[in-house]
Amino acid sequence: MADERPTWLPTLRSSDLVRRVAVVDRLKLCLLVLVVLASGLGLLALAAFVVLTNKVALVITLAIVGTVIFWLSRRGLAEARRTNAGR
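As the structure is a computational prediction, the values presented were derived from the model and not from experiment. (Residues numbered from 1 in each chain as written. Predicted model: local features only at pLDDT ≥ 70, side-chain atom pairs only at ≥ 80, totals over all residues. Heavy atoms only, no water.)

Points about the overall build of the protein
- A count of helices and strands for the protein gives 2 helices and 0 strands.
- Each of the 87 residues in the protein was classed as buried or not, and the buried ones make up 11%.
- A total accessible area of about 7400 Å² is found for the protein, and carbon and sulfur atoms account for 68% of it. (Helix = DSSP H or I, 4+ residues; strand = E, 2+ residues; numbered from the N terminus. Buried < 20%, exposed > 50% of the residue type's maximum accessible area, 1.4 Å probe, protein only. Areas by Shrake-Rupley, 256 points an atom, 1.4 Å probe, with all protein chains shown as cover.)

Here it is as structure tokens:
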């Protein structure tokens, strides 16, 4: 009797764990893609603002935001490659 598990304690099968890990990996990748897309839209809005106002400070800001988007997209691609390599 002492070796029995309580019925309220959930048991996790290995297939359930693998499926949950795969879902979490997909969610992380989707979230990263959404962040890159949102950053791209922000970059596009900044570009339109630069065209309308033609200020040097906005061009510098645009370059910084572009660099951040480039870094995020490279990181996302590396994460996707690691995820696909693990399958």
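Having seen the model, we can carry on.
With respect to helix α2 (residues 56-85)
- Here α2 spans 44 Å end to end across 30 residues, near enough to the 44 Å set by a 1.5 Å rise per residue.
- Inspection of α2 places Leu58, Ile69, Leu72, Gly76, Ala80 and Thr83 among the buried residues, and these make up the whole buried set. (Expected span 1.5 Å × (residues − 1).)

Structural notes on the environment of Gly42
- Within the secondary structure, Gly42 sits in helix α1 (residues 14-53).
- Along the backbone, Gly42 and Leu62 are 20 residues apart, and their C-alpha atoms lie at a distance of 9.5 Å.

Observations concerning a nonpolar patch on the surface
- A cluster of nonpolar side chains, namely Val56, Ile60, Ile64 and Val68, defines an oily patch on the protein surface of about 390 Å² accessible area.
- Among the secondary structure elements, Val56 is positioned in helix α2.
- A residue is classified by how much of its surface remains accessible, and Val56, at 64% relative accessible area, is exposed. (Patch = residues over 30% accessible without salt bridge, like charges linked within 9 Å, V, L, I, M, F, W, Y side chains within 5 Å. Salt bridge = Lys/Arg side-chain N within 4 Å of Asp/Glu carboxyl O.)

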